[in-house]
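Report on the structure
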Amino acid sequence: MADVSRILIVDDEQKIREVVKEYALFEGYEVDEAADGMEAIEKVKNARHGYDCIIMDIMMPRLDGYSACKEIKKYSSAPVIMLSARGEEYDKLFGFEVGIDDYVVKPFSPKELMARVKVAIKRRKSPDSVDILRYKGLEINFAAREVIIDGKKAQMTPKEYDILFYLAKNMNIAMSREKLLEEVWGYDFYGDDRTVDTHIKMLRNSLGPYRDLIVTLRGMGYKFDNINKREEDEETVNS
């Protein structure tokens, strides 16, 4: 029997839970429900086999989605897709900072939501072919999903990791914003490609002294600089 992915749906509106659950069951997922953030945390802490994805509303009684997500991330690495009636950039940025993986604005298409769930689960379960990439004090561990900067573990949002890993694996290859949206977000993105610029800015801040490895290609997009060429040039200068 194939491994069945488990989803936790968190929303105080029963009707929304029922609709999402219907589509999730149709896709073959096992489904659990919670009516607020506090209940969601308890479900995650006590889940025997854990969850592969969490779909969570922001505005809920007792405990909101942002606060619940921060607490859940202490116990689970499951990707979190946030549902919200508000679509302001500030709300999205704050959500990404507390660790959400994706953001869906209400009213939403259940089919599109399931497409995002599928991508999030696939990305979490897919092993990486390259193990570790090192440059000076920067270490990118793809398998462990960790980034070490000068001996300290970097604290990044899930999407920052996704962007960095994708760019690093495609070192020195120019990536348009549209390509990044397609490959990193993993579905047809209906929105502003400034989303990419916002996440790149956050990623550069997280990389600190190695921020310039993410090179801006004016009018095009971004690339991860060729660190092998950099090391060769540095050896030439120092020889």
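See the structure above.
The structure displayed is predicted, hence computed values, not measured ones.

**Considering the overall build of the protein**
- Broken down by element type, the protein carries 9 helices and 12 strands.
- Contacts in the protein between residues far apart in sequence, at least 24 positions, make up 60% of those at least 6 positions apart.
- Summed over all atoms, the accessible surface of the protein reaches about 12800 Å², with 48% contributed by carbon and sulfur.

**Focus on unusual backbone geometry**
- Note that the residue after Lys 106, namely Pro 107, is joined by a cis bond; omega there is -10°.
- With respect to the helices and strands, Pro 107 occurs in the loop between β5 (102-105) and α5 (110-125).
- Positive phi is not limited to glycine here, since Asn 172 has a value of about 70°.
- Considering the arrangement of structural elements, one finds Asn 172 in the loop between α6 (158-169) and β10 (175-176).
- Given the relative accessible area of 35%, Asn 172 is considered partly exposed.

**Concerning the side chain of Ser 84**
- Within the element layout of this structure, Ser 84 appears in strand β4 (residues 80-84).
- Reaching out from Ser 84, the side chain makes a polar contact with the side chain of Tyr 103 at a distance of 3.4 Å.
- When sequence neighbours within four positions are dropped, the list of residues in contact with Ser 84 reads Asp 57, Ile 58, Tyr 103, Val 104, Val 105 and Lys 106.

**Thoughts on helix α1 (residues 14-26)**
- Look at α1: 18 Å from first C-alpha to last across 13 residues, which is about the 18 Å you get at 1.5 Å a residue.
- Turning to α1, its buried residues are Ile 16, Arg 17, Val 20 and Ala 24. For α1, the angular spread of buried residues about the axis comes to 95°, placing them on one side. Of the exposed residues in α1, the ones pointing more than 90 degrees away from its buried face are Lys 15, Glu 22 and Phe 26.
- Just downstream of α1, Gly 28 is the residue with a positive phi angle, here 95°.

**What about the nonpolar core?**
- In this structure, Ile 140, Val 147, Leu 164, Ile 214 and Phe 224 are the most contacted members of the largest nonpolar core, which totals 32 residues.
- Of all the elements in the fold, those that place two or more residues in this core are β6 (132-135), β7 (138-141), β8 (146-149), α6, α7 (177-185), α8 (194-207) and β12 (221-224).
- The element best represented in this core is α6, accounting for 7 residues.
- Beyond its immediate sequence surroundings of up to four residues, Ile 140 is in contact with Asp 131, Ile 132, Leu 133, Glu 146, Leu 164, Phe 165, Ala 168 and Phe 224.

**Looking at the pattern of salt bridges**
- All chains considered together, the criterion is met by 17 salt bridges.
- With a closest N to O distance of 3.3 Å, Glu 30 and Arg 6 form a salt bridge. With Glu 30 in strand β2 (residues 30-34) and Arg 6 in strand β1 (residues 6-10), this residue pair connects regions lying 24 residues apart in the sequence.
- Residues Asp 102 and Arg 116 are paired through a salt bridge, measuring 3.3 Å at the closest nitrogen-oxygen approach. Of this pair, Asp 102 sits in strand β5 while Arg 116 sits in helix α5; the two residues are 14 residues apart in sequence, bridging distant segments of the chain. Of the two residues, Asp 102 and Arg 116, neither departs from the other in class, the shared state being buried.
- Look at the salt bridges and you will find they share partners, linking Asp 11, Asp 57 and Lys 106 into a network.

Rules of the game
Residues numbered from 1 in each chain as written. Predicted model: local features only at pLDDT ≥ 70, side-chain atom pairs only at ≥ 80, totals over all residues. Heavy atoms only, no water. Helix = DSSP H or I, 4+ residues; strand = E, 2+ residues; numbered from the N terminus. Contact = heavy atoms within 4.5 Å. Areas by Shrake-Rupley, 256 points an atom, 1.4 Å probe, with all protein chains shown as cover. Buried < 20%, exposed > 50% of the residue type's maximum accessible area, 1.4 Å probe, protein only. Polar contact = N/O pair within 3.5 Å; in protein donor to acceptor, adjacent residues only side chain to side chain. Expected span 1.5 Å × (residues − 1). Arc of directions from axis to C-beta. Core = buried A, V, L, I, M, F, W, Y, C linked by side-chain atoms within 4.5 Å. Salt bridge = Lys/Arg side-chain N within 4 Å of Asp/Glu carboxyl O.

Honestly, that's just the spatial picture; any functional story needs more than this.
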